[in-house]
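# Survey of secondary and tertiary structure
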Protein chains: 2
Amino acid sequence: MFEAAELGHKLSKGEYKRIEPKLRADLLDAQYDLFKNGKFPVVALISGVRGAGKGETVRLLNEWMDPRHIHTHAFDTPSDEERERPPMWRFWRALPPKGRIGILFGSWYTAPIIDRVFKRASAKDLMLSIEEINHFERMLADEGALILKFWFHLSKKRQKKRLKQLESDPETSWRISDRDWDFFKLYDRFYRISEDMLRETSTRDAPWIVVEGSDPEYRAVTVGKTLLEAMRKRLAAPPERRVAKSQAAPMVRPVDRVHVLRRMNLNLKMERDEYKKRLEKFQRRLALITLNKKFPERNVVCVFEGMDAAGKGGAIRRITAALDPRLYHNIPVAAPTDEERAQPYLWRFWRHLPRKGRFTIYDRSWYGRVLVERIEGFCSEADWMRAYSEINDFEEQLARNGAIICKFWLQISKTEQFRRFKLREKTRFKRFKITPEDWRNREKWNGYEVAASDMIERTSTSFAPWTLIEANDKYHARAKVVGTVVRAIENALGKR
Amino acid sequence: MFEAAELGHKLSKGEYKRIEPKLRADLLDAQYDLFKNGKFPVVALISGVRGAGKGETVRLLNEWMDPRHIHTHAFDTPSDEERERPPMWRFWRALPPKGRIGILFGSWYTAPIIDRVFKRASAKDLMLSIEEINHFERMLADEGALILKFWFHLSKKRQKKRLKQLESDPETSWRISDRDWDFFKLYDRFYRISEDMLRETSTRDAPWIVVEGSDPEYRAVTVGKTLLEAMRKRLAAPPERRVAKSQAAPMVRPVDRVHVLRRMNLNLKMERDEYKKRLEKFQRRLALITLNKKFPERNVVCVFEGMDAAGKGGAIRRITAALDPRLYHNIPVAAPTDEERAQPYLWRFWRHLPRKGRFTIYDRSWYGRVLVERIEGFCSEADWMRAYSEINDFEEQLARNGAIICKFWLQISKTEQFRRFKLREKTRFKRFKITPEDWRNREKWNGYEVAASDMIERTSTSFAPWTLIEANDKYHARAKVVGTVVRAIENALGKR
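Residues numbered from 1 in each chain as written. Chains lettered and ligands numbered in written order. Predicted model: local features only at pLDDT ≥ 70, side-chain atom pairs only at ≥ 80, totals over all residues. Heavy atoms only, no water.

### Concerning the overall build of chain A
Condition: Helical segments are the DSSP runs of H or I of at least four residues, strand segments are the runs of E of at least two, and each set is numbered from the N terminus. Only protein chains enter the accessibility calculation, which uses a 1.4 Å probe; a residue is then buried when its area is under 20% of its type maximum, exposed when over 50%, and partly exposed in between. Values of accessible area rely on a 1.4 Å probe in the Shrake-Rupley scheme; residue burial ignores everything except the protein chains shown.
Along chain A, the regular secondary structure elements total 21 helices and ten strands. When the backbone C-alpha atoms are referred to their principal axes, chain A occupies close to 85 × 50 × 45 Å. In chain A, which comprises 496 residues, the proportion classed as buried is 57%. Surface exposure of chain A reaches about 22,800 Å², of which carbon and sulfur atoms provide 51%.

Shown next as structure tokens:
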């Protein structure tokens, strides 16, 4: 891929002077049209070899366009807050909102390449990274982001010359350290691995643009024109909504209409005395396990979904009652804020991810996409269809980062729901829990059951399994929830 | 203050059983009314001595009310992201939005008390902390927050007994460390200093409630009732808007109508050649100073305010052109997002504060409160009147944390503005810069001049001075801006 970027591409100063003013004005125009349009963000990655003019180009872009609407982020050593979350967390934090241009210096490519060059990662690790990156970028693209990945290249000879040149000039010599020469010694290995990486991650949605970095005028105009054309093209015509083949497989309803929820025995019951005994035991174990010396290395993510009035809140409180309030955060999921709406739908969940040693309890969650949003038509079919694999990717990242994930679907019968709705309407401090919305949702009962079954089938994984809770009887439901959480943590910490 | 909390207050279990169900239902009701009301947050501080039941009480509050709308935050060792910002940054991050209850375990009181007990801080330092805290809490209260500060107290004898008790029980012994006994040895000193602190910070807006911590039932009901009554009272009647005496001093217009802006010589000019030479020199010095080995310990905050079309954007770009794009963030200030509107007005600026070694450039700023918001009546007179001292407090915190603050007011004549508006309407890539809004603002020219003069007079401080920029001539204006920034940094780093 790099051969074409070793041809000694050049642009004369005269030519540059002729082109630059118009390019600049056009870019500024496009930037404002993007801002007014407000429907998608531009994510520009600036990567490549040392000395190839990455910094200079970014500076120029900020000069050409209105820097107030450009979000430039550089990724150095992760902060401790970043280190305690999955590696992608810092990039999610830096995503530009719709209508803005984000310039990312260094990116999700940096660590995988360097780790492989220095053999801290195996060839298989690299392949896994590539797969993850492709998933992530496809998600971004599907969410509407315009992704442009620039790779600044220099031939070995030119890089050597450039480093020497920077080193000998007293004004720039500080920029060159031993580390740069250490990297240069591995030029060939870097070349090979980067080339593999770029080839495997150059997709229709997120193409790599390799830019020869030796001539300042050439590289500036190349990047500027590429950016301009891509923005113009996207502003003129939004991309067609595609459903990836892997996702488009029709969901065949079982001909006998039996799905997993219908198989549940909703009559499971527990007597009050038995419940009290059990609950106390579980809560005690839960309190104790958080004191385990391995616990601060992990975190616990609990997800509660279920029919309205199925008892999510009550179950959650039986967990939190056992915990030091400093150890958990409760995230009730309601309508997104405007900052959240300007980002991919998973963004609002990423931002709340806990540091290590904490519980995060989501009362409703990212599964809203394949439940309420699917049923109410708040997003297109293509959107919720792709959500299954996006969610699996997300949860896999959490699990790999040490999260213990417990997902609960609380199921009640339609009759039981009716009884509870009526009760809520009558009870003083429960009346806030029942709204006309709830009655409307009830009419879509079957739709919710089908959506929930699809969800469970497609997102129950070894690292983040669903637990179905028979919730007609609150005692049974709560004991099962708390017991499941306790056992999941104990298992994960090797206590059983 | 603590004597009344050493009387052995008690509540019998029977009494508790009688009171609890109603208290609980009432609290839940009040919480939902707060949520629906959505006009103010509740900030509850939980402080006090070890073993006095702070954790148990917070757990109970979370059990009584809906934990989904309670934000519980504990403050341990600051993270590195927190350490690189002013000490209050971590508390701003944790403020609950309007309509929610925030429970803060540990707070802005913890460090000042401990530092004084261990003599890391002098008596004078403590007095300064107290003053800062009172300013901060008054600001919170003026922004509408309902503040309740609970101090859990135990007499020396009871604390000793409690610690021994916790230590001897195998289930709780892990909770007691040598550190607790070290603290206990200093009980008398803690007592004295805390008492001083509480007395000096118990204000009408943010009273301390001292709770005797020995009896679980007594302390739970005390906290619950206090919280309930305070919420009910506030929900029934919002506090009257007060203007503090110090702020209410009428602003007397000079009888000759001469204010600081009128004294500016807007005809100051610079020739193009001179400008080019100067700018290059300044930009070179700017680029160099960021390489100074002391620079990573500081940060630079630039604020740009001025009449429409005065050239703020152009001046900003002459600064950023000299900087590595990784070193700065540009914050264009437009309408607040809904998350920002649910917080005190300074919150949106706190959240963008840079880490060390960075520039943050605010294109318009917190001064909007005393400019556009004052003139358009977006906030009450009491609100913008108090903003002057709140802003001074804010900037003082920045400065004490190492920020080099440069604030610019760009002034043009009314004729020059007219010329620029017309030019913008004609120029292709400037037309986005001119809107009907701009023409409307122009009609309020005199109001803006008066507001700007008041602002400059009241917020130009030694640690954050205003620089007035005569901006009819762009060359003069830009050279002066960049020169001022360069010199401010060079001075701060001791390079001149």
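### Things to note about a positive patch on the surface
All names here are of chain A. The criterion, for reference: What goes into a patch is any residue over 30% in relative accessible area without a salt bridge, connected to like charges within 9 Å or, for nonpolar side chains (Val, Leu, Ile, Met, Phe, Trp, Tyr), within 5 Å. In the sections that follow, a salt bridge refers to a side-chain nitrogen of Lys or Arg positioned within 4 Å of a carboxyl oxygen of Asp or Glu. Positive charge is attributed to Lys and Arg, negative charge to Asp and Glu, and no charge count is given to His or to the chain ends. Taken as the charge location is NZ of Lys, CZ of Arg, CG of Asp or CD of Glu.
On the surface, Lys10, Lys157, Arg158 and Lys161 cluster together into a positively charged patch. With respect to the helices, strands and loops of the structure, lysine 157 is situated in helix α7 (residues 156–168). Of the residues examined, lysine 157 reaches a relative accessible area of 73% and is grouped as exposed.

### Re the pattern of salt bridges
Residue and element names in this part refer to chain B. Scanning the entire structure with this criterion turns up 86 salt bridges over all chains. Residues glutamate 340 and arginine 351 are paired through a salt bridge, measuring 2.9 Å at the closest nitrogen-oxygen approach. Residue glutamate 340 is located in helix α14 (residues 338–341), and its partner arginine 351 is located in the loop between α15 (347–350) and β8 (359–363); the two are separated by eleven residues in the primary sequence. A residue is classified by how much of its surface remains accessible, and glutamate 340, at 9% relative accessible area, is buried.

### Focus: the interface of chain B and chain A
The condition that has to hold: The contact criterion used is simple: two residues touch if any of their non-hydrogen atoms lie within 4.5 Å. In protein, a polar contact requires one atom able to donate a hydrogen and another able to accept it; more generally it is a pair of N or O atoms within 3.5 Å, and residues adjacent in sequence count only if both atoms are side-chain atoms. Three classes are used, and their members are as follows: Ala, Val, Leu, Ile, Met, Phe, Trp, Tyr, Cys and Pro are nonpolar, Asp, Glu, Lys and Arg are charged, and the others, Gly among them, are polar.
Tallying the contact residues gives 54 residues for chain B and 54 residues for chain A. A salt bridge links aspartate 363 of chain A to arginine 68 of chain B, with the nearest nitrogen and oxygen atoms 2.9 Å apart. Where chain B touches chain A, the interface holds 18 residue pairs in polar contact (both at pLDDT 80 or more). For the side of chain B that touches chain A, the per-class residue count stands at 19 nonpolar, nine polar and 26 charged.

### Considering the relation of the copies chain B and chain A
Worth spelling out the cut-off: When the copies are superposed, the least-squares fit takes in the C-alpha atoms of residues with a pLDDT of at least 70 in both.
Aligned on chain A, chain B shows an RMSD of 0.0 Å; the corresponding rotation is 180° and the shift along the axis is 0.0 Å. Within this description, the copies of the chain are treated as partners about a two-fold rotation axis. Both copies share a contact surface, since 100% of the interface residues of chain B are interface residues in chain A too.

### Some thoughts on unusual backbone geometry
Residues and elements named next belong to chain A. The backbone of alanine 309 shows a phi angle near 70°, a positive value even though the residue is not glycine. Mapping alanine 309 onto the fold places it in the loop between β6 (299–306) and α13 (312–320). A residue is classified by how much of its surface remains accessible, and alanine 309, at 8% relative accessible area, is buried. For arginine 364, which is not a glycine, the phi torsion comes out positive at approximately 70°. Structurally, arginine 364 is set in the loop between β8 (359–363) and α16 (372–376). Residue arginine 364 is classed as partly exposed on the basis of its relative accessible area of 28%.

### Notes on the sheet that holds strand β3 (residues 101–105) of chain B
Residue and element names in this part refer to chain B. Which entries qualify depends on this criterion: In this description, strands pair whenever DSSP reports at least two bridges between them. A fitted line through C-alpha atoms serves as each axis, taken over the contacting stretch for helices, and the angle formed by two N-to-C directions is quoted from 0 to 180°.
Taking strand neighbours across the sheet as the criterion, the five strands line up as β2-β3-β1-β4-β5 in an open arrangement whose pairing is parallel. Bordering the open sheet on either side are β2 (70–74) and β5 (208–212), each of which pairs with just one other strand. Averaged over all pairs of adjacent strands, the angle between strand axes in this sheet comes to 20°, irrespective of strand direction. Here five bridges tie β2 to β3, and the two strands are oriented parallel to one another. Residue pairing across strands places isoleucine 70 opposite isoleucine 101, the latter belonging to β3. Contacts from helix α2 (residues 54–64) reach β1 (42–48), β2, β3 and β4 (146–153) within the one sheet, and its direction differs from that of β3 by about 165°.

### Regarding helix α1 (residues 13–37) of chain A
Residues and elements named next belong to chain A. Using the following cut-off: What a helix should span is 1.5 Å times the count of its residues minus one. A residue's bend is given by the angle between axes fitted to the 7 residues ending at it and the 7 residues starting at it.
For α1, with 25 residues, the first-to-last C-alpha span of 35 Å sits near the 36 Å given by 1.5 Å per residue. In α1, a bend of some 35° at isoleucine 19 exceeds every other bend along the element, and proline 21, a proline, comes one to four places later. In the segment just after α1, glycine 38 is the residue with positive phi, at about 65°.

### Quick notes on the sheet that holds strand β9 (residues 403–411) of chain A
Residue and element names in this part refer to chain A. If you trace the five strands from one edge of the open sheet to the other, you get β7-β8-β6-β9-β10, paired in parallel fashion. With one partner strand each, in any of the chains shown, β7 (328–332) and β10 (466–470) form the two edges of the open sheet. When the angles between neighbouring strand axes are averaged without regard to direction, this sheet yields 20°. Two elements, β9 and β10, share five bridges in a ladder whose sense is parallel. The residue of β10 that forms the bridge with glutamine 411 is glutamate 470.

### Quick word on the packing of aromatic side chains
Using the following cut-off: Two aromatic rings, drawn from Phe, Tyr or Trp (for Trp, its six-membered ring), form a pair once their centres lie within 6.5 Å of each other, and the interplanar angle then sorts them: stacked below 30 degrees, edge-to-face above 60, tilted otherwise.
Tallying each qualifying case throughout the model produces 57 aromatic pairs over all chains. Their ring planes at 85° and their centres at 5.5 Å tell us that phenylalanine 91 of chain B and tryptophan 108 of chain B sit as a pair that is edge-to-face. Of this pair, phenylalanine 91 of chain B sits in helix α4 (residues 89–94) while tryptophan 108 of chain B sits in the loop between β3 and α5 (110–117), and the two are 17 residues apart along the sequence. Overall, the relative accessible area of 3% leaves tryptophan 108 of chain B in the buried class. Seen from their ring centres, phenylalanine 421 of chain B and tryptophan 439 of chain B are 5.0 Å apart, and the 80° between their planes marks the pair as edge-to-face. Remark: tryptophan 439 of chain B occurs in helix α19 (residues 436–442) and phenylalanine 421 of chain B occurs in helix α18 (residues 414–426); sequence separation between them is 18 residues. When its relative accessible area of 23% is taken as the criterion, tryptophan 439 of chain B is described as partly exposed. Among the aromatic residues, ring-to-ring pairing joins Phe75, Phe91, Trp92, Trp108, Phe136, Phe349, Trp350, Tyr362, Trp366, Tyr367, Phe394 and Trp466 of chain A into one connected group.

### Some thoughts on the side chain of glutamate 195 of chain B
Residue and element names in this part refer to chain B. Position of glutamate 195 relative to the elements: it lies in helix α9 (residues 187–201). Buried and without a salt bridge, glutamate 195 has arginine 199 as its closest oppositely charged side chain, separated by 4.7 Å. Those residues within four positions of glutamate 195 in sequence are excluded, and the remaining contacts are Met1, Phe2, Glu3 and Phe190.

### Things to note about the packing of α5 of chain B against α9 of chain B
All names here are of chain B. As a reminder of what qualifies: In what follows, roughly perpendicular refers to angles from 65 to 115 degrees, roughly parallel to angles under 35, roughly antiparallel to angles over 145, and oblique to any angle outside these ranges. By the definition used in this description, the sense in which the near helix is turned from the far one sets the handedness, with an anticlockwise turn below a right angle giving left-handed and a clockwise turn giving right-handed.
For the pair α5 and α9, interaxial distance at closest approach is 10 Å and the crossing angle is 135°. In this view, α5 runs oblique relative to α9, as classed from their interaxial angle. Where α5 crosses over α9, the handedness of that crossing is right-handed. In this structure, α5 contributes Pro112, Ile113, Ile114, Arg116 and Val117 to the contact, and α9 contributes Arg189, Phe190, Ile193, Ser194 and Met197.

### Side note on the nonpolar core
We apply this condition: Nonpolar core, defined: a set of buried Ala, Val, Leu, Ile, Met, Phe, Trp, Tyr and Cys residues in which side-chain atoms within 4.5 Å join the residues together.
The biggest cluster of nonpolar side chains holds 112 residues, and the ones touching the most others in it are Trp108, Leu286, Phe304, Trp366, Trp409 and Ile489 of chain B. The contacts of tryptophan 366 of chain B, once residues within four sequence positions are left out, are Val301, Val303, Tyr345, Leu346, Phe349, Ile391, Phe394 and Glu395 of chain B. In terms of nonpolar packing, the next biggest core, distinct from the first, is built from 106 residues, Phe91, Leu279, Ala399 and Ile489 of chain A among them.

### Focus: the environment of aspartate 80 of chain A
You can see aspartate 80 of chain A is positioned in helix α3 (residues 80–83). For the pair aspartate 80 of chain A and arginine 355 of chain A, spaced 275 residues apart in sequence, the C-alpha to C-alpha distance is 9.5 Å. Ignoring sequence-local partners within four residues, the contact set of aspartate 80 of chain A consists of Arg355 of chain A together with Ser79, Asp80, Glu81 and Arg83 of chain B.

### Focus: the pairing of β4 of chain B
When a strand is regular, its side chains alternate between the sheet's two faces. Residue and element names in this part refer to chain B. With eight of its eight residues buried, β4 lies for the most part within the structure. Burial of β4 is two-sided: the residues Leu146, Leu148, Phe150 and Phe152 facing one way and the residues Ile147, Lys149, Trp151 and His153 facing the other way are all buried. Two strands pair when backbone bridges link them, and β1 and β4 are joined in this way by seven bridges, in the parallel orientation. Bridge pairing in β4 links isoleucine 46 to phenylalanine 150. By the bridge criterion, five bridges tie β4 to β5 in an arrangement that is parallel. Opposite histidine 153, over in β5, you have glutamate 212 as the bridge partner.

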